[in-house]
Amino acid sequence: MEKVYISRKKYEALVGELKNLKEVKAQLSQEIGEAAAQGDLKENAEYHAAKEKQAETLIRIQELETTLRNAEITDNLEVDRSEARIGATVTMQDVEAGLEFTYTLVGPMESNPDKGLLSVKSPLASGVLGHKEGDEFVAQLPKGPRTYKLVKLEYK
């Protein structure tokens, strides 16, 4: 599996979720044991519900463990800070419309444009990557190419 780029904050949140799910898994194992002790499992709704929840929990635990094993924390990356890279906060201006907007460039797992978090895999972020403050660049958006200017570049 390829590297998963996430912030330290997201990494710690995933570690917390994993810890919580392992506790849930232990509780579910106990519930399944208690339900099984009640006898006929064919018509035991509690048993079947706990088994279903356990399966979902085990899948999520496996997903989290894989993600954490392949995680690269963006806060620690050695990047050329004179260029837009993952972890940078960029203020861009749509040259044609004159509108300015600011995003922090993040890995796909953390992307949330409404909260100012833009995936480096998105067309707009792909266009700005590697550019320096003051550069104009063309982003290949779904509606066609658009020209932007990188107004401000900072790493927090």
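Above this text is the structure in question.
Residues numbered from 1 in each chain as written. Predicted model: local features only at pLDDT ≥ 70, side-chain atom pairs only at ≥ 80, totals over all residues. Heavy atoms only, no water.

A. Examining the nonpolar core more closely. By size, the foremost hydrophobic cluster in this structure holds 19 residues, and its most contacted members are Val90, Met92, Leu105, Leu124, Phe137 and Leu150. Looking at this core, the elements that each hand over two or more residues are β3 (88–94), β4 (100–106), α3 (123–128), β6 (136–141) and β7 (144–155). In contact with Val90, not counting residues within four places along its chain, are Ala84, Phe101, Thr102, Tyr103, Leu105, Leu150, Lys152 and Leu153. Listed in part, the 9 residues of the second largest apolar core include Leu18, Ile61, Leu64 and Ala71. (Core = buried A, V, L, I, M, F, W, Y, C linked by side-chain atoms within 4.5 Å. Buried < 20%, exposed > 50% of the residue type's maximum accessible area, 1.4 Å probe, protein only. Helix = DSSP H or I, 4+ residues; strand = E, 2+ residues; numbered from the N terminus. Contact = heavy atoms within 4.5 Å.)

B. Structural context of the pairing of β6. Where β6 lies against β7, 6 bridges are found, and the strand directions are antiparallel. Bridge pairing links Ala139 to Arg146 in β7. Between the antiparallel neighbours β6 and β7 lie 2 residues. (Pairing = 2+ DSSP bridges.)

C. Broad picture of the side chain of Gln54. Mapped onto the secondary structure, Gln54 falls in helix α2 (residues 45–69). In this structure Gln54 comes out as buried when scored by relative accessible area, which is 16%. Not counting the four nearest positions on each side in its chain, Gln54 is found in contact with Leu28, Ser29 and Ile32.

D. Molecular detail of α2. Over its 25 residues, α2 runs 36 Å from end to end, which matches the ideal 36 Å to within 8%, given 1.5 Å per residue. Taken residue by residue, α2 has Tyr47, Ala50, Gln54, Thr57, Ile61, Leu64, Thr67 and Leu68 as its buried positions. (Expected span 1.5 Å × (residues − 1).)

E. Spatial organisation of the environment of Ala71. Looking at the element boundaries, Ala71 is found in strand β2 (residues 71–73). Ala71 gets classed as buried once you look at its relative accessible area, which sits at 18%. For the pair Ala71 and Leu118, spaced 47 residues apart in sequence, the C-alpha separation works out to 18 Å. Apart from the residues lying within four places of it in its own chain, the contact partners of Ala71 are Val4, Ile6 and Tyr11.

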